[in-house]
Amino acid sequence: MEAETNPTQMRMSLALIGALAGVSFWYLGELFSSEIEETRWLLFASAGAFGFFSTFLALIGPLTLRVSAGAALMLGLIAASLLTLASFRFPEVWSITIYGHEIISYFMVLFLSLPFVIAQMTSESKWRDYEALFDQSWTIVVRYAAAFLFVGVSWLIVYFCDALLSVVGIPYIGDILEVDFVPFVFTGVALGAAVAVVNELSDYVSAFLIIRLFRLILPVFTLVVIVFIVALPIRGVGHLFGDLSPAATLMSIAALVMLFVSSAVDRDDECAVKTPLMSVATRLLALTLPVLSGVALYSIWVRVIEYGWTPDRVDAAVVGVLFLAYGFSYLVPIVRVRNDWMSRIRRANVFLALGGIAIAMLSLTPVLNPKQISTSSQVSRYATGYATAAELDLWAMKHEWGIAGQDALVQLRGMAENDPNLATQLERLDLSRSRYAFETNSTDALPAQGWAQVRDVLPVVPTSSSLPQQIGFSQSASIWEQVLEGCAILTSEGHPACVAISVELLEGNSAEEIIVLFANGVDEVQVIGLRPDRLNARQYDLQIDPTAMLGQALSQMPIAVIDRVHGGEFSIEPSGANILRLESNSIFIQP
């Protein structure tokens, strides 16, 4: 199925689609910064938009515009739905982009599926056509690499032109680029037009050169890998990589082995390596794959026996099993000395690639949840005496392992009644604001006598409210020392130049938020926003100088504003989230 042949029309169409992609990403970014409540829908929309546009530009060329759009829409919806489902592993939606390996699975579902979609639409043998799969896989990589190179060059030219015109007093290019959506649109237009041009020159832009370069160094790489394997039993796995993870290093080498072997067997026997040296080197390299994968799995298992499962180890084990399957699929036809060993490797590549896509999809569902597996392992090890309280990764459970980690902490808190060491660890976890502070027991928390002083001198508005005890314990002593210094200053009306406002700005929190204003100089007011930690009722998150100001900057507010707060001259107003209005200034705490 060939794409439309009118070059000008195709360039304009793809440039327009690129512009639409740019506007979409800019708009989604604006929604994210506006703190809308339906964040899971925003995640779904963002993942769907990225999935659609990225796969559409890859499919166009081999497929028509209409077919490409339909296939890209299907892939985008499937991948976005799975990623949104996986986001329910976290109480905060966007944590999945920071602590989740789910993003990698999302990309795998999108991009590993592309060659199969093209082959299904264009080949008589459908998705089983290895020649089509091989060609399209490499072509997608080369097309995108060339297109993004053009985008980079385009931006360099734009900056050069702006600098050149600015010299003669014409700064209009820079002024246009300062408009929020323009950089997104320009990037999209450049990418779309570049993809169109690359498609036109598909006979010239190919992976032929890259594959030949891989073959050039294949014998050397084979020799190095064999020497490495021979050295393994002599040196031991743990002494070969220094501070690097043995499993990750071994699997990286295994991935390179698969890449080199696949480039050697090529799309068919006619294009594959033919000389005796290259054939022998390819066979020997393929035989190293099960060894590398097996040793990687063994190193993972040793760590699991010693420390239990973690999300990283679960993911590594799954990848290791997949690589081991590749290794045996390469090993069997070579050991049997079959003449068709290359064709059997090609056939195995097809089905194992589909297996990789299936595993990626499962890892985004409750069927394969590394965080749940890890927390169950850690709690079980502690309950059965295989791990002490000090050996539990409590910080990761609280901050990185999502809802499963929170559930594990609930179980551990129940067990802490009979274990003072665990109780101490959990207490320190509650008071720590960083992994470093938790692991080094340097919480820098305010001593009890210091907090008593803060409560004595820091007025609270309304007067019926009081400062929660956990605020003093969970924040740095240096913060409260600054507040006390501000309280030592008197306003023109004789009030301490500090005040705390207890307000409800965010819905669904376990307690009210606290806004603290204090003088940090002769004429300046600093603001600290404290919100209850949604994952721990005993701790408050800290936000210094919330920056959503609709009037003056906070640092320019006179100390006299503290007197007006004492007089109740402020209001709570809805604005997506509630805002605290102080004269012409508005303060909100980020959800």
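Please read these numbers as outputs of a predicted model, since none were measured by experiment. (Residues numbered from 1 in each chain as written. Predicted model: local features only at pLDDT ≥ 70, side-chain atom pairs only at ≥ 80, totals over all residues. Heavy atoms only, no water.)

**Looking at the overall build of the protein chain**
Looking only at helices and strands, the protein chain has 23 helices and eight strands in total. Here the protein chain holds 591 residues, and the buried ones make up 47% of them. In the structure as shown, the protein chain presents an accessible area of about 28,900 Å², 63% of it carried by carbon and sulfur atoms. (Helix = DSSP H or I, 4+ residues; strand = E, 2+ residues; numbered from the N terminus. Buried < 20%, exposed > 50% of the residue type's maximum accessible area, 1.4 Å probe, protein only. Areas by Shrake-Rupley, 256 points an atom, 1.4 Å probe, with all protein chains shown as cover.)

**Looking at the nonpolar core**
Among the nonpolar cores identified, the biggest contains 55 residues, and V257, V261, L285, L292, I300 and Y330 are the most heavily contacted of them. When residues of this core are traced back to their parent elements, those giving at least two are α6 (114–122), α7 (130–167), α10 (208–235), α11 (246–265), α12 (276–307), α13 (311–335) and α14 (341–362). Once residues lying within four places of it in the same chain are set aside, the contact partners of L292 are V225, F228, I229, L250, I253, A254 and V257. Core analysis: the next-biggest nonpolar cluster, separate from the first, contains 45 residues, M10, L43, V93 and Y106 among them. (Core = buried A, V, L, I, M, F, W, Y, C linked by side-chain atoms within 4.5 Å. Contact = heavy atoms within 4.5 Å.)

**Some words on the state of the cysteines**
Across all of its chains, the model carries one disulfide by this definition. For C487, the disulfide goes to C498, at an S-S distance of 2.0 Å. The sign of the 115° torsion about the S-S bond sets the C487-C498 disulfide as right-handed. Here C487 is found in helix α22 (residues 477–487), whereas its partner C498 is found in strand β2 (residues 498–503), with 11 residues between them in sequence. A relative accessible area of 10% places C487 in the buried class. (Disulfide = S-S within 2.5 Å.)

**Here we look at the packing of aromatic side chains**
Applying the stated criterion to the full structure yields 20 aromatic pairs. Between W41 and F44 the ring centres are 6.0 Å apart and the planes differ by 85°, which places this aromatic pair in the edge-to-face class. Remark: F44 and W41 occur in helix α2 (residues 39–59); sequence separation between them is three residues, near one turn of the helix. Assessed through its relative accessible area of 59%, W41 is described here as exposed. A relative accessible area of 22% means that F44 is categorised as partly exposed. Ring centres of F52 and F53 lie 5.1 Å apart, and the angle between their planes is 75°; on these two criteria the pair is classed as edge-to-face. Given the relative accessible area of 22%, F52 is considered partly exposed. For F53, a relative accessible area of 8% gives the class buried. Among the aromatic residues, those joined into a cluster by ring pairs are F25, F50, F52, F53, F56, Y106, F107 and F111. One cation-aromatic arrangement involves R128 over W127; the distance from NZ or CZ to the ring centre is 5.1 Å. (Phe/Tyr/Trp six-rings, centres within 6.5 Å; stacked < 30°, edge-to-face > 60°. Lys NZ or Arg CZ within 6 Å of the ring centre and 35° of its normal.)

**Topic: helix α18 (residues 420–431)**
Here α18 is 12 residues long and its end C-alpha atoms lie 17 Å apart, about the 16 Å a rise of 1.5 Å per residue gives. You can read the cap of α18 off the contacts: a side-chain oxygen lies 3.0 Å from the backbone nitrogen of N421, and it is on D419. (Expected span 1.5 Å × (residues − 1). Polar contact = N/O pair within 3.5 Å; in protein donor to acceptor, adjacent residues only side chain to side chain.)

**A closer look at the pattern of salt bridges**
Applying the stated rule across the entire model yields nine salt bridges. When the shortest N-O distance is used, the salt bridge between R215 and D266 registers 2.5 Å. Of this pair, R215 sits in helix α10 while D266 sits in the loop between α11 and α12, and the two are 51 residues apart along the sequence. Residue R215 is classed as buried on the basis of its relative accessible area, which comes to 9%. The partner of D268 in a salt bridge is R267, with the nearest N and O atoms 3.3 Å apart. On the accessibility criterion, R267 (24% relative accessible area) is partly exposed. Salt bridges sharing partners connect three or more residues here, namely E131, D135, R267 and D268. (Salt bridge = Lys/Arg side-chain N within 4 Å of Asp/Glu carboxyl O.)

**Focus: helix α5 (residues 102–112)**
Looking at α5, one finds that the buried residues are E102, S105, Y106, V109 and L110. Buried residues along α5 cover an arc of 135° about the axis, so they all sit on one side. Buried positions along α5 lie against α2, α3 (65–87), α4 (96–99), α6, α14 and α15 (370–383). (Arc of directions from axis to C-beta.)

**Thoughts on the pairing of strand β3 (residues 513–519)**
The element β3 is extensively covered by neighbouring structure, given that seven of its seven residues are classed as buried. Burial along β3 is two-sided: the face carrying E513, I515, L517 and A519 and the face carrying I514, V516 and F518 are both buried. With six bridges connecting them, β2 and β3 associate as antiparallel partners. Each bridged residue has a counterpart across the sheet, and for S502 the counterpart in β3 is I514. (Pairing = 2+ DSSP bridges.)

**Things to note about the side chain of T310**
Inspection of the secondary structure puts T310 in the loop between α12 and α13. When sequence neighbours within four positions are dropped, the list of residues in contact with T310 reads S374, Q378 and W401.

**A closer look at the side chain of T375**
Counting through the fold element by element, T375 comes out in helix α15. In this structure T375 comes out as buried when scored by relative accessible area, which is 3%. Polar contacts involving the side chain of T375 include one to the main-chain carbonyl oxygen of Q372, which spans 3.0 Å. With near-sequence residues (within four places) excluded, T375 lies in contact with W401, A404, G405 and A408.

**Topic: the packing of α2 against α6**
Viewed as axis vectors pointing N to C, α2 and α6 meet at an angle of 45°, and their least axial separation amounts to 11 Å. Classified by the interaxial angle, the pair formed by α2 and α6 is oblique. At the point where α2 passes α6, the crossing takes the right-handed sense. Of α6, the residues touching α2 (which contributes T55, A58 and L59) are L114, V117 and I118. (Axes fitted to C-alpha atoms, helices over the stretch in contact; angles between N-to-C directions. Parallel < 35°, antiparallel > 145°, perpendicular 65-115°, else oblique. Left-handed = near helix turned anticlockwise from the far one by under 90°.)

**Considerations on the pairing of β2**
Taking burial as the measure, the six residues of β2 include six buried ones, the bulk of the element. On β2, burial covers both faces: C498, A500 and S502 on one face and V499, I501 and V503 on the other are all buried. For strand β1 (residues 460–461) and β2, the ladder comprises two bridges, and the chain directions are parallel. Residue pairing for β2: V460 is matched across the bridge by A500.

**Here we look at a nonpolar patch on the surface**
There is a patch of nonpolar side chains on the surface, built from L165, V167, V168, I170 and Y172 and spanning about 490 Å² of accessible area. With respect to the helices and strands, the residue V168 is situated in the loop between α7 and α8 (172–177). (Patch = residues over 30% accessible without salt bridge, like charges linked within 9 Å, V, L, I, M, F, W, Y side chains within 5 Å.)

**Observations regarding unusual backbone geometry**
A cis amide bond links V461 to the next residue, P462, at an omega of -5°. As for its position among the elements, P462 is in the loop between β1 and α21 (469–474).

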